[in-house]
Amino acid sequence: MDTPIYILGIESSCDDTSAAILCNGKVLSNVIANQEVHSKYGGVVPELASRAHQQNIVPVVQQAIEQANITKEDLCAIAFTKGPGLMGSLLVGTSFAKSLALGLQIPLIDVNHMQAHILAHFIKDTNNKTPPFPFLCLTISGGHTQIVKVSKYFEMEILGETIDDAVGEAFDKSAKILGLPYPGGPLIDKYAKLGNPKAYAFTKPKVSDLNFSFSGLKTGILYFIQKQQRINPNFIEENLNDICASIQYTIVEILMDKLKKAIKKTGIKDIAIAGGVSANSEIRNRLQLAQKHFGWSTYIPKFEYTTDNAAMIAITGHLKYLENRYSDISVTAQARLKVTD
C-alpha cells in the first residue's frame, strides 16, 4: 500500500475561488465558489474578484478538507497558483497558502496555472487515459491560445500562440456583438447546436506558421452584423442559431488547421486539449472525428477539469512534490507567466 500523499491545491487566478484535495493523484474533493458579481458588468472586475476571493477562500478550503474526510494535519504540502492571472486575486491565494504552510510546517509549492491546465490530464481517474510523452496540447482559454509540445511533466515548448486575442475572447466578444450576456462563449456553443454552420462564411485570418490571430475575425463579424442589421433590424433574433453555428465553425476550423500543421511539422499524433474553451462541444467533437479520420490519439479532459479548478493545481503540486520541487516562502505571485516559465 502506497503511503498516502495528501496535497491541498488552491486556485485564485481569476474569478473562481477553488480548493481541492488529492491523495496520490486521485481527487478526494474539488470545491469551486463562482463569483456571480461580474455578470452585470459584462466581464471580470479585478477589484471585485479579489474581494470575493478574500470572502470565499477560508470556507472553500475548509469545505475541501471536510469533503476529503481528512484533517489539515494530514496534509503533506500546499500547492497554489503563482500566475498568470489577476494580481489582486493571485495575492489572496498566495498569502493564504504561505500562511497555512507556515502554520502546519509543511512544504509550499508554487504552480504555473497554464502548466496546470495541461497536467490536469494526469489526474488519476478511472475513466481517463493519460497522454504519452511527447504530446501536443492545444491550450485554449479566455487569455491563452497556444500549441504546446510537452516532452516531460515540466518540459514544455510553445510551438505557436495567438498574436492578439485568445480564442475565449473571440467567443465572448462575438457573443457581446450579438447582445448575449457574459460569459457568452457557452451560449454560442448552445445556440450553435441548433444552427447551420455553413449559413454564413467568415474570413479566416492568414497568420504565419503555427501562430493564431482572432482580432480580424472579431472585426469581420462586427461589420457583417452591422451591415445585416441595416437591411433587417431583426436579423440577429431571426438568425441567431445560424450566426452562432457559423462563428463557432470558423473558430474551430482555425484551431484544427493549425493543429494539422503542427502534427505535420512534428510528426507527433498524440493530441490533448486543455483550458476553459476545451469544454466547447464542437472542439471536442472535431477532435474525436480527427481520431477516426487521421489516426490521431486524442485526449480530452473531464468537463470539471477544463475550467479554472484547484484539482489541476493539486495534481501539478503532487508531481512537483514527488520531485522535491518546493518553493521558498519568499515566492511572489506573478500576473504574467509563460507556460515555459
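Residues numbered from 1 in each chain as written. Predicted model: local features only at pLDDT ≥ 70, side-chain atom pairs only at ≥ 80, totals over all residues. Heavy atoms only, no water.

Our next topic: the sheet that holds strand β2 (residues 16–23). The mixed open sheet is built from five strands, whose spatial order is β3-β2-β1-β4-β5. Each end of this open sheet is capped by a strand with a single partner; those strands are β3 (26–34) and β5 (108–112). Strand after strand, the sheet turns through a mean of 20° between neighbouring axes, direction not considered. Note that strand β1 (residues 6–11) and strand β4 (residues 77–83) share four bridges and pair parallel. From the neighbouring strand, G9 faces β4, where its bridge partner is A79. Strands in contact with helix α2 (residues 87–104) are β1, β4 and β5; relative to β4, the strand with the most contacts, it is inclined by about 160°. Most of the contacts of helix α9 (residues 310–322) go to β1, to which it runs at about 135°, and overall it touches β1, β2, β3, β4 and β5. (Pairing = 2+ DSSP bridges. Helix = DSSP H or I, 4+ residues; strand = E, 2+ residues; numbered from the N terminus. Axes fitted to C-alpha atoms, helices over the stretch in contact; angles between N-to-C directions. Contact = heavy atoms within 4.5 Å.)

Another point: the packing of aromatic side chains. Per the counting criterion, the structure on display carries twelve aromatic pairs. Ring plane angle 75° and centroid distance 5.8 Å describe the contact between F224 and F235, whose orientation is recorded as edge-to-face. With F224 in helix α6 (residues 215–231) and F235 in helix α7 (residues 235–266), this residue pair connects regions lying eleven residues apart in the sequence. The class of F235 is buried, set by a relative accessible area of 6%. Here Y321 and Y326 contribute two aromatic rings whose centre-to-centre distance is 5.8 Å and whose plane-to-plane angle is 45°, an arrangement assigned as tilted. Judged by its relative accessible area of 39%, Y326 is partly exposed. Taken together, the aromatic side chains of F122, F133, F135 and Y153 make up a single cluster linked through ring pairs. Here K129 stacks its cationic end above the ring of Y299, 4.7 Å away from the centre of that ring. (Phe/Tyr/Trp six-rings, centres within 6.5 Å; stacked < 30°, edge-to-face > 60°. Buried < 20%, exposed > 50% of the residue type's maximum accessible area, 1.4 Å probe, protein only. Lys NZ or Arg CZ within 6 Å of the ring centre and 35° of its normal.)

Quick look at the pattern of salt bridges now. Pairing between side chains becomes possible if they bear opposite charge and their charged atoms approach one another. Within this structure, the stated rule accounts for 14 salt bridges. The salt bridge involving K265 is made with D209; its shortest N-O contact spans 3.2 Å. In this pair, K265 sits in helix α7 while D209 sits in the loop between α5 (185–192) and α6, placing the two residues 56 residues apart along the sequence. Given the relative accessible area of 44%, D209 is considered partly exposed. Note that R325 and E323 form a salt bridge whose closest N and O atoms lie 2.7 Å from each other. (Salt bridge = Lys/Arg side-chain N within 4 Å of Asp/Glu carboxyl O.)

Our focus in this paragraph is the state of the cysteines. Scanning the model with the defined rule gives zero disulfides in all. No disulfide involves C14; its sulfur sits 19 Å from the nearest other cysteine sulfur, which is in C137. Not part of a disulfide, C23 finds its nearest cysteine sulfur in C76, a span of 8.0 Å. (Disulfide = S-S within 2.5 Å.)

Quick look at the layout of surface pockets now. Empty space among the atoms becomes apparent when a probe as large as a water molecule is rolled across them. Quantified by volume, the second largest pocket comes out at close to 200 Å³. In this structure, the second largest pocket is lined by A120, H121, D125, N127, N128, K129, T298, Y299, I300, P301, K302 and Y305. The class makeup of the residues in the lining of the second largest pocket is five nonpolar, four polar and three charged. (1 Å grid on protein atoms, 1.4 Å probe; cavity = no way out; pocket = protein on both sides within 12 Å on 5 of 7 lines; lining within 4 Å. Points joined across faces, edges and corners; volume = space filled by probe spheres on them. Nonpolar A, V, L, I, M, F, W, Y, C, P; charged D, E, K, R; others polar.)

Every regular strand shows the same layout, with side chains that alternate between the two sheet faces. Burial runs high along strand β9 (residues 270–274): five of the five residues are buried. The two faces of β9 match: D270, A272 and A274 on one face and I271 and I273 on the other face are all buried. In terms of strand pairing, β9 meets strand β10 (residues 297–299) through three bridges, oriented parallel. What sits directly across from I271, in β10, is T298. Note on the crossover from β9 through helix α8 (residues 281–294) to β10: the handedness is right-handed. (Right-handed = clockwise from strand over helix to strand, strands pointing away.)

It is the contact of α6 with α7, at a shortest axis distance of 12 Å, that shows an interaxial angle of 160°. In terms of orientation, α6 lies roughly antiparallel with respect to α7. Of the two possible hands of crossing, α6 and α7 adopt the one that is right-handed. Together, L217, I221, F224, I225, Q228 and Q229 of α6 and F235, I236, I243, I247, T250, I251 and I254 of α7 make up the contact between the two elements. A breakdown of the residues in the contact of α6 with α7 according to their chemical character gives ten nonpolar, three polar and no charged. (Parallel < 35°, antiparallel > 145°, perpendicular 65-115°, else oblique. Left-handed = near helix turned anticlockwise from the far one by under 90°.)

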